[in-house]
Protein chains: 2
Amino acid sequence: MTKRVFNFFAGPATLPLPVLEKAKEEFLDFANMGMSVLEISHRSEQWDKVMAEAGSLLRELMKIPSDYKIIWLGGGASTQFLMVPVNLQVPGKPLEYVSTGGWAEKAIKEAGLYGEVDIIASSKDENHSYIPKDVAFSEKAAYGHITSNNTLYGTEWHTWPEVPSDVPLVCDMSSDLMAREINVKDFGVIYAGAQKNLGPAGVTLTIVREDLLSRVPEKTPTMLKWKTHAKDSMYNTPPVFPIYISKLSLEYLKEIGGVKEIEGRNRRKAKILYDVIDNSDGFYKGHARADSRSLMNVTFTMATPELEDKCVAGATPLDLIGLKGHRSVGGMRASIYNAMPIEGVQKLAEYLTEFKENNQ
Amino acid sequence: MTKRVFNFFAGPATLPLPVLEKAKEEFLDFANMGMSVLEISHRSEQWDKVMAEAGSLLRELMKIPSDYKIIWLGGGASTQFLMVPVNLQVPGKPLEYVSTGGWAEKAIKEAGLYGEVDIIASSKDENHSYIPKDVAFSEKAAYGHITSNNTLYGTEWHTWPEVPSDVPLVCDMSSDLMAREINVKDFGVIYAGAQKNLGPAGVTLTIVREDLLSRVPEKTPTMLKWKTHAKDSMYNTPPVFPIYISKLSLEYLKEIGGVKEIEGRNRRKAKILYDVIDNSDGFYKGHARADSRSLMNVTFTMATPELEDKCVAGATPLDLIGLKGHRSVGGMRASIYNAMPIEGVQKLAEYLTEFKENNQ
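Residues numbered from 1 in each chain as written. Chains lettered and ligands numbered in written order. Predicted model: local features only at pLDDT ≥ 70, side-chain atom pairs only at ≥ 80, totals over all residues. Heavy atoms only, no water.

**Re unusual backbone geometry**
In step 1: Omega for the bond connecting Gly11(A) with Pro12(A) falls within 30 degrees of zero, at -5°, which places this linkage in the cis form.
In step 2: Tracing the sequence through the fold places Pro12(A) in the loop between strand S1 (6-7) and helix H1 (17-25).
In step 3: The backbone of Lys63(B) shows a phi angle near 50°, a positive value even though the residue is not glycine.
In step 4: Assignment of secondary structure puts Lys63(B) in the loop between helix H2 (45-62) and strand S2 (68-73).
In step 5: Looking at Lys63(B), the relative accessible area reads 59%, which means it is exposed. (Helix = DSSP H or I, 4+ residues; strand = E, 2+ residues; numbered from the N terminus. Buried < 20%, exposed > 50% of the residue type's maximum accessible area, 1.4 Å probe, protein only.)

**With respect to the pattern of salt bridges**
Residues and elements named next belong to chain A.
In step 1: Applying the stated rule across the entire model yields 43 salt bridges over all chains.
In step 2: Glu210 is the salt-bridge partner of Lys69, the closest N and O atoms lying 3.7 Å from each other. Of this pair, Lys69 sits in strand S2 (residues 68-73) while Glu210 is found in the loop between strand S10 (204-209) and helix H5 (226-229), placing the two residues 141 residues apart along the sequence.
In step 3: Residue class for Glu210 comes out partly exposed when judged on its relative accessible area of 36%.
In step 4: The partner of Arg209 in a salt bridge is Asp211, with the nearest N and O atoms 2.6 Å apart.
In step 5: Its relative accessible area of 21% is what places Arg209 among the partly exposed residues.
In step 6: Taken together, the shared-partner salt bridges in this structure form one network comprising Lys49, Glu53, Lys247 and Glu251. (Salt bridge = Lys/Arg side-chain N within 4 Å of Asp/Glu carboxyl O.)

**Observations concerning the relation of the copies chain B and chain A**
In step 1: Once turned by 180° and shifted 0.0 Å along the axis, chain B lies on chain A with an RMSD of 0.0 Å. Expressed as a symmetry operation, the mapping of one chain copy onto the other fits a two-fold axis. Considering only C-alpha atoms, the part of chain B nearest the rotation axis is Gly74(B), at 2.4 Å.
In step 2: Take the interface residues of chain B: 100% of them recur as interface residues in chain A, which is what a same-surface contact looks like. (Least-squares fit on C-alpha atoms with pLDDT ≥ 70 in both. Contact = heavy atoms within 4.5 Å.)

Structure below.
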């Protein structure tokens, strides 16, 4: 049997094993075409079918209303950081952002090239350990931008900020897309790099309310306009394989019960780890405030860096991989996206409990 | 045994079977990590190794001098169409282009957003059936841009145009990268979508002479600056799987003898098909002028569209797939990139010879 570890990397991240097995099975001969999915023309009917199915699965699972378009692109969320202001700026109106971490900061930096940026709230004062409260975007904003989950710090928005009805809320959901039920209608634009909760690296999803497609100035590079891609994401050759794997992941998510079911599992998984932290008498210190905790990335530190290194090193022989925290927080980080099985979380919790007993 | 056809699609296109087999073999467990290459962190040492090997293989195979940087990005050559003027424009200097087909026209359109474009030569007058002769870029140009091979029309530059020594020549080599030996020093920038001659869709290669990285205005979006990516293409998460498959393809190319060897094979393959056309007494009419013929895409028409449809349809049961010509030329197109085995070309030649005998 193939060796398989529990992969707690923050992204690219673990994928459901049945998805990988299916992809492997049909790797050399896709849809009885006598070629790999890597080799098929993106103008073939077989590829059209993959794209159509990926779109309709996503629409069904996320309950995306019909007036929202689904766009699959290369370039990562980092490219969306600039495409958001390119497509949504309005001369004279401020671009309003909330800074909840390093990725939000990167989005803010790009926006600054296109208009006056107003950071209406920030958690920088406490190393982004919380989500600001009572955030309200203003009437005058071209749009409001948030980052729903902050992988580096392990924080997540639990209720959305207030937004005037004609101001679109834009959300970078790279790290918690489909981790929990949301109402797409609360947003004007949702975007997400696939490599955490949807599929592999190499494709980025953007969901845009149709009326927002026409804001973009005519003299904008073709590839940077959402409306170029809104029809079918086939203006140019799409990232075929990453989309194909994302489609298989969506099929799998539907099969196991959809977003509601996975949200329940995610809440159970997160609780197991936060309970270990909360019951450790301070041996493990959660970085995120309890009211801002992420379902996806559990971040915590210990008394000394030496102890943290020992804890990470001791996990490796148990096949618990990718637990070293990001340098912005230090300590440890367990990324427990949709595809992380509860068994992995349980095994990690047992290890952490035992490690505490042996090292306190 | 898995079914395998001869895939003449123009791109995404056929890949070497040993590459696919190797990828399948290690699909669930990469480098003994207990996870798929789709799941590994792009910050892991195993991934660093893939990136480093891909770069050094490319450098070795193309003899890329040390003062050129190698960049792997998502977004396709269509994104490079805008990144070229973004990175190389010089206020007041014209952006000089040669129009040899639909892709060149798209590059020209994007450049028009950034400066005065001068189309110094064009083959549009004869439906891009030839490469213009005696092309010379001017001293005053910010850069000169050509498209080395034109997939839609089946034409290819056989000698490079004249360029003043301080004007960088920029070349879209998407469809003939590494099909033949070139001198990288003849170019300031080479770029290529991977999905024809290098790997699968989803990654684009850009090779830039180092001194050209600093031309870009400071206030340019981070993702659109080549210099953001020049160090290691790891500013953000790279398209992991497409790069990995490209690396395997480069390994394979090295193993079979490198660019010189594949150029010989490509010349033999192309000759087989052009001989069929030339010896058909006009039954098959090559679209490209003999002096402009492509090694990669052999385009030809017949007396009537009905005959062409019949010829394409008759090829399918023989596992000769993807032969319908692009609508801009009509007729048939056989794309015979590096990974197309000579057996496929021979089989197609036999079929065409027989088809002619039965239908003239």
